Amino acid sequence: MNIGIVCYASVGGSGIIATELGKVLASRGHHVHILSSEMPVRLGVFQPGLAFHRVETPSYPVFREPQYLLSLANKIVEVSREEKLDVVHAHYAVPHATAAYLARQILASAGQARVPRVITTLHGTDITLLGTDRSYSETVAFCIQQSDGVTAVSESLKRDTIRELGVTREIRVIPNFVDCATHKRHPVPELQERFAPRGEKLLIHVSNFRPVKRTKSVVEVFARVRRQTPARLLMVGDGPDFHDAMCLARSLGVGDDVEFLGEQDQVVPLLSAADVFLVPSVKESFGLAALEAMACEVPVVASAIGGLPELVEDGVNGFLHDPDDLDGMAGSTIRLLTDATLHRRAAEAARRTAEDRYCDSKIVPMYEAYYAEMVNR
Ligand code: GMT
């Protein structure tokens, strides 16, 4: 099949899933065209069957802001014509579903024999934050309704979309996935030595430090844990709350035990050094970062919200708490750090969850089948 994938290039779950999907589809013989404003972070080296198309958005003095939606729609039209796309797969509704809808209308009105099917994958904040914002909600709902196919990354996100936007069409749930061959625990002794020089336990958090991630709560939970047991914390990522989280660590007296590493492309070596992954988010449609940790045998202590309870089974491969229950999260973390048997069981269960339910070899064929269903409809 000829497949166009529209995504964000920045570090973030939707861009990672879109890029990894493109790579696996290309390795399975499809011709994949990735469209974005920049080369996505995980695209990496050349791979046969995988091409990147940069969307240029010229600025003109008359515009107060760049017109990305229009240049993206234009690019989708061009690539669809040149590459005879069967499917345009928009990852993240805003504004990708709108650009794909517009491109499809342009191609159809030009009498083109072959008009690609538009499939939109909803990732989370495109619905739970932007989609429900009254400045965007009508357009987002319309474009979801008008897509030929729509997928959501969890049952929870599907429910949110129906409830918040009044969408009545079928939404297929296809969860996030991980490459189970590359995402596996592979400890690097030098890193262990560097991050936990006195044999301390290591907590880790990976996110884009947006307010929904509650990065300050990560530091609060860590400070509670640190009072009870020797531990250190790795904070991986960057974003609006980065500075506040750093200041909080200092003011809580744990600044020396927290390492802020900024954005990192290679998380497997870092996860492989860690004992517990913290996700105190207030919204999380799936939790790709948590899945990547689980694949590396790191049990997760998380908020019982959104799609996280579909991934994390309380007391089995991690622990779930109310997002405001920082004492509860600290308590579960301490249990995992101080009870070696419990930790080993949870770590094994975490890996098993990733292997049994979320490997790319299981999930990517679901997208392929969905594409075929839409094309043959
Ligand atoms: O987590 C973010 O804020 C980034 C966002 C994105 O679209 O890049 O992530 C969302 O999509 C991921 C991939 O489907 C999900 O695993 C994340 O749970 C989801 N984030 C939220 O819902 C907050």
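Nothing here was measured: the structure is a model prediction, and the numbers come from that model.

Caption draft 1: Examining the domain arrangement of the chain more closely. Split into domains, the chain comes out as domain 1 (2-177 + 359-376) and domain 2 (189-357). When each unit is reduced to the centre of its C-alpha atoms, the spacing between domain 1 and domain 2 is 30 Å. At the boundary of domain 1 with domain 2, the tally comes to one salt bridge. A salt bridge links Arg42 to Glu292; the shortest N-O distance between them is 3.3 Å. Summed over the shared surface of domain 1 and domain 2, the result is seven residue pairs in polar contact (both at pLDDT 80 or more). Split into classes, the residues belonging to the side of domain 1 that touches domain 2 amount to eleven nonpolar, eight polar and three charged.

Caption draft 2: Spotlight on the site of the ligand. Neighbouring residues of the ligand: 18 residues in total, closest His123, Asn176, Lys213, Glu284 and Ser285. Ser285 is positioned with one of its backbone polar atoms (N or O) 2.9 Å from an oxygen atom of the ligand. A distance of 2.9 Å is found between an oxygen atom of the ligand and a backbone nitrogen or oxygen belonging to Leu288. Here the ligand, which alone exposes 480 Å², has 96% of that area covered by the protein. Taking a 2 Å distance to the grid points as the criterion, the majority of the atoms of the ligand fall inside the largest pocket. Here the shell around the ligand spans two domains, and each of domain 1 (2-177 + 359-376) and domain 2 (189-357) adds at least three residues to it.

Caption draft 3: Up close: the pairing of strand 4 (residues 87-91). For strand 4, a buried count of five out of five residues is recorded, marking the element as mostly surrounded by other parts of the structure. Neither face of strand 4 is exposed, since Val87, His89 and His91 on one face and Val88 and Ala90 on the opposite face are all buried. Relative to strand 4, strand 1 (residues 2-6) runs parallel, the two being bridged by four bridges. Within strand 4, the residue paired with Val6 across the bridge is Ala90. By the bridge criterion, five bridges tie strand 4 to strand 5 (residues 117-122) in an arrangement that is parallel.

Analysis parameters
Residues numbered from 1 in each chain as written. Predicted model: local features only at pLDDT ≥ 70, side-chain atom pairs only at ≥ 80, totals over all residues. Heavy atoms only, no water. Domains from an automatic or database assignment. Salt bridge = Lys/Arg side-chain N within 4 Å of Asp/Glu carboxyl O. Polar contact = N/O pair within 3.5 Å; in protein donor to acceptor, adjacent residues only side chain to side chain. Nonpolar A, V, L, I, M, F, W, Y, C, P; charged D, E, K, R; others polar. Near = heavy atom within 4 Å. Areas by Shrake-Rupley, 256 points an atom, 1.4 Å probe, with all protein chains shown as cover. 1 Å grid on protein atoms, 1.4 Å probe; cavity = no way out; pocket = protein on both sides within 12 Å on 5 of 7 lines; lining within 4 Å. Sits in = over half its atoms within 2 Å of the grid points. Buried < 20%, exposed > 50% of the residue type's maximum accessible area, 1.4 Å probe, protein only. Helix = DSSP H or I, 4+ residues; strand = E, 2+ residues; numbered from the N terminus. Pairing = 2+ DSSP bridges.

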